[in-house]
Amino acid sequence: MDFDFMAYFVNINEQMNYARNNFQRPTYDAFALTDRLFIKNFRLSKEITQYLINLLKPYIVVDSQLSSIDIQTKVLVALNFFATGSYQTSVGNSRLMNLSQSSVCRCVKKVVAALNQPEIFNTRVKFPSNIQELDEVRNEFYKKTGFASVIGCLDCTHVAIVSPSKNLNLVENQYPEYMYVNRESYHSINVQYLCDSNLKILNVNALFPGSTHDVHIWNNSNVSIMLEELHAHNYSDYFLLGDSGYPLRPWLLTPIAQPTTAAEENYNKNQMHVRSVIERCNGVLKSKSRCLLKDRVLHYKPEKATAIINACIVLHNMCIEHNIAEIIDETLEDFDLGMYQNQEPLNEHVNDNRNRNLMLGRRQRDRIVGFLVSTKSKFTTRIINCM
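Residues numbered from 1 in each chain as written. Predicted model: local features only at pLDDT ≥ 70, side-chain atom pairs only at ≥ 80, totals over all residues. Heavy atoms only, no water.

**Some remarks on the overall build of the chain**
Along the backbone of the chain there are 13 helices and five strands. Relative to its 387 residues, the chain shows a buried fraction of 49%. Intrachain contacts of the chain at a sequence separation of at least 6 include 69% that bridge at least 24 residues. As displayed, the chain has an accessible area near 20,000 Å², and 52% of this comes from carbon and sulfur atoms. (Helix = DSSP H or I, 4+ residues; strand = E, 2+ residues; numbered from the N terminus. Buried < 20%, exposed > 50% of the residue type's maximum accessible area, 1.4 Å probe, protein only. Contact = heavy atoms within 4.5 Å. Areas by Shrake-Rupley, 256 points an atom, 1.4 Å probe, with all protein chains shown as cover.)

In structure tokens:
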């Protein structure tokens, strides 16, 4: 145990003894923790946590009872649950909180509901809405990777949930229970999201059960519709990167299934390298919000699990925006992070003469193949001239 953590609990024990002697319920100030331990327990810095508390105040109703839990405690309880993925009993019994399991459940519910309010969620998880914003994301990608015209990387990740009720109804469960069983044979929600070069999540869709194919989720995405409209109006220098399980489109570039030239192999190498940012984003998200790990199954109905996923992504983006250090956990490599490669890549040659978007997608990809070759040769020439 860390020395500063031991010192903190010495202080806690003194407060407990005082409280027992005075027949009062002990309360502890989590903000008395060191900065390092505070971030370890709650994933946010003290300053950002205080900002979050003030942000959520208008959306969390405070009970009038004397024994009601204050907003600060509610937020800290929820943050600790998201961060650790521990069962609510262990969170409630923590000396930092000292709440019953039912109280912890209510705290998490209220904070999750507040983070899902449109006024909060839509300002924290936001896909570029105009050309200027698209240019900013695209330029940042190019500066970091040298890959032109990229505005995001796309993929899906699975978040484990308990088996939903087999009683189908629109209030609790819109899909049959068996549809939540993914190809790894556990119940999950298949979460689609895309991120920028800084690992900020720009869009998320956590509405589909685990057996849903990634392509189906993408085809029902507002971003897909928006990008198709953008290209229809000749704004063709903006596209996403996806794996081979997605359909090739001018606005969604995938790897070349069977490269035959060095230029095509170079494209695949660069495409996969840049696309790895979404895998890193997934790792950072689930290291900060361990409740989303497969081994920390969410014990909630699907629609509540969706709300928890959205809440964790809001907090993830706050960490990215405020440069809060990543949680380095070497044991995370031993966990299943819920990203699975599509076993059967889509066949680009099916109906290739009748699918105009597929043909335009090939043309777009060929253009990028040539661009990467030219930039590579220019880079080599600069090195030779400098020697």
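**Points about the nonpolar core**
Among the nonpolar cores identified, the biggest contains 99 residues, and Phe-82 and Leu-115 are the most heavily contacted of them. With twelve residues, helix α12 (residues 302-321) is the largest single contributor of residues to this core. If sequence neighbours within four positions are ignored, Phe-82 has contacts with Val-108, Val-112, Leu-115, Lys-288, Ser-289, Arg-290, Cys-291, Ile-308, Ala-311, Cys-312 and Leu-315. (Core = buried A, V, L, I, M, F, W, Y, C linked by side-chain atoms within 4.5 Å.)

**Observations regarding the packing of aromatic side chains**
For the coordinates displayed, the defined rule picks out eight aromatic pairs. The interplanar angle of 70° and the centroid separation of 6.4 Å between the aromatic rings of Phe-81 and Tyr-300 together place this pair among those described as edge-to-face. You can see Phe-81 sitting in helix α4 (residues 71-84) and its partner Tyr-300 sitting in the loop between α11 (262-288) and α12, a full 219 residues away along the chain. Judged on exposure class, the residue Phe-81 and its partner Tyr-300 are both buried. Plain terms: the ring middles of Phe-147 and Phe-239 are 6.4 Å apart, the flat faces sit at 80° to each other, and that makes the pair edge-to-face. In this pair, Phe-147 is assigned in the loop between α8 (131-145) and β1 (150-160) and Phe-239 in strand β4 (residues 239-241), connecting sequence segments 92 residues apart. By the burial criterion, Phe-147 is buried, and Phe-239 matches it. Counting every residue linked through ring pairs, the aromatic cluster contains Phe-31, Phe-38 and Phe-42. (Phe/Tyr/Trp six-rings, centres within 6.5 Å; stacked < 30°, edge-to-face > 60°.)

**Brief notes about empty space enclosed by the protein**
If you walk through the whole model with that rule in mind, you get one cavity of 30 Å³ or more. Computed from the structure, the largest cavity encloses a volume of approximately 80 Å³. Taken together, 13 residues line the largest cavity, and the ones lying closest to its centre are Arg-43, Lys-288, Ser-289, Leu-315 and His-316. Sorting the residues of the lining of the largest cavity by element identifies α4, α11 and α12 as the ones contributing at least two each. With four residues, the single largest contributor to the lining of the largest cavity is α12. Its residues assigned to classes, the lining of the largest cavity comprises nine nonpolar, two polar and two charged. (1 Å grid on protein atoms, 1.4 Å probe; cavity = no way out; pocket = protein on both sides within 12 Å on 5 of 7 lines; lining within 4 Å. Points joined across faces, edges and corners; volume = space filled by probe spheres on them. Nonpolar A, V, L, I, M, F, W, Y, C, P; charged D, E, K, R; others polar.)

**A look at the packing of helix α3 (residues 46-56) against α4**
At a closest axis distance of 10 Å, the pairing of α3 and α4 adopts a crossing angle of 115°. Remark: the crossing between α3 and α4 carries right-handed chirality. Of α4, the residues touching α3 (which contributes Thr-49, Gln-50, Leu-52, Ile-53 and Leu-56) are Ile-71, Gln-72, Val-75, Leu-76 and Leu-79. Residue classes in the contact of α3 with α4 are distributed as seven nonpolar, three polar and no charged. (Axes fitted to C-alpha atoms, helices over the stretch in contact; angles between N-to-C directions. Left-handed = near helix turned anticlockwise from the far one by under 90°.)

**Some details on the confidence of the model for the chain**
Here the chain averages 85 in pLDDT, while 79% of its residues score no lower than 70. Note that pLDDT drops below 50 for residues 5-10; the model gives that stretch ten contacts with residues more than four away or on any other chain. Note that pLDDT drops below 50 for residues 378-387; the model gives that stretch zero contacts with residues more than four away or on any other chain. (pLDDT = per-residue confidence, 0-100.)

**A word on the layout of surface pockets**
It is the rolling of a water-molecule-sized probe over the atoms that shows where space remains empty. In this model, the second largest pocket occupies a volume close to 420 Å³. Considering the residues around the second largest pocket, the lining is formed by 19 residues, among which Phe-121, Asn-203, Val-204, Asn-205 and Asn-222 are closest to the centre. At the level of elements, α7 (118-124), β3 (201-209), α10 (222-232) and α12 are the ones that each hand at least two residues to the lining of the second largest pocket. By residue number, the principal contributor to the lining of the second largest pocket is β3, which donates six residues. A class-by-class count of the residues in the lining of the second largest pocket yields nine nonpolar, nine polar and one charged.

**Remarks on the sheet that holds β3**
Strand order in the open sheet formed by five strands is β3-β2-β1-β4-β5, with mixed pairing between adjacent strands. Of all the strands in the sheet, the pair left with one neighbour each is β3 and β5 (252-253). Note: β1 against β4, three bridges, orientation parallel. Looking at β4, one finds that Gly-152 is bridged to Leu-240. Together, β1, β2 (188-195) and β3 form the strand contacts of α8, whose direction differs from that of β1 by roughly 85°. Along the sheet, α12 contacts β1, β2 and β3; its crossing angle with β3, the most-contacted strand, is approximately 170°. (Pairing = 2+ DSSP bridges.)

**Considerations on the pattern of salt bridges**
It is possible for side chains of opposite charge to pair when their charged atoms get near one another. Across all of its chains, the model carries seven salt bridges by this definition. With its nearest N and O atoms 2.8 Å apart, the salt bridge here joins Glu-321 to Arg-124. With Glu-321 in helix α12 and Arg-124 in helix α7, the pair connects residues that are 197 residues apart, well separated along the chain. With a relative accessible area of 11%, Arg-124 lands in the buried category. Between Asp-135 and Arg-138 there is a salt bridge; the shortest N-O distance is 3.0 Å. Pair noted here: Asp-135 and Arg-138 are both in helix α8, with a separation of three residues, about one helical turn. Its relative accessible area of 22% is what places Asp-135 among the partly exposed residues. Each of Arg-124, Lys-200 and Glu-321 takes part in salt bridges that share partners, so that together they form one network. (Salt bridge = Lys/Arg side-chain N within 4 Å of Asp/Glu carboxyl O.)

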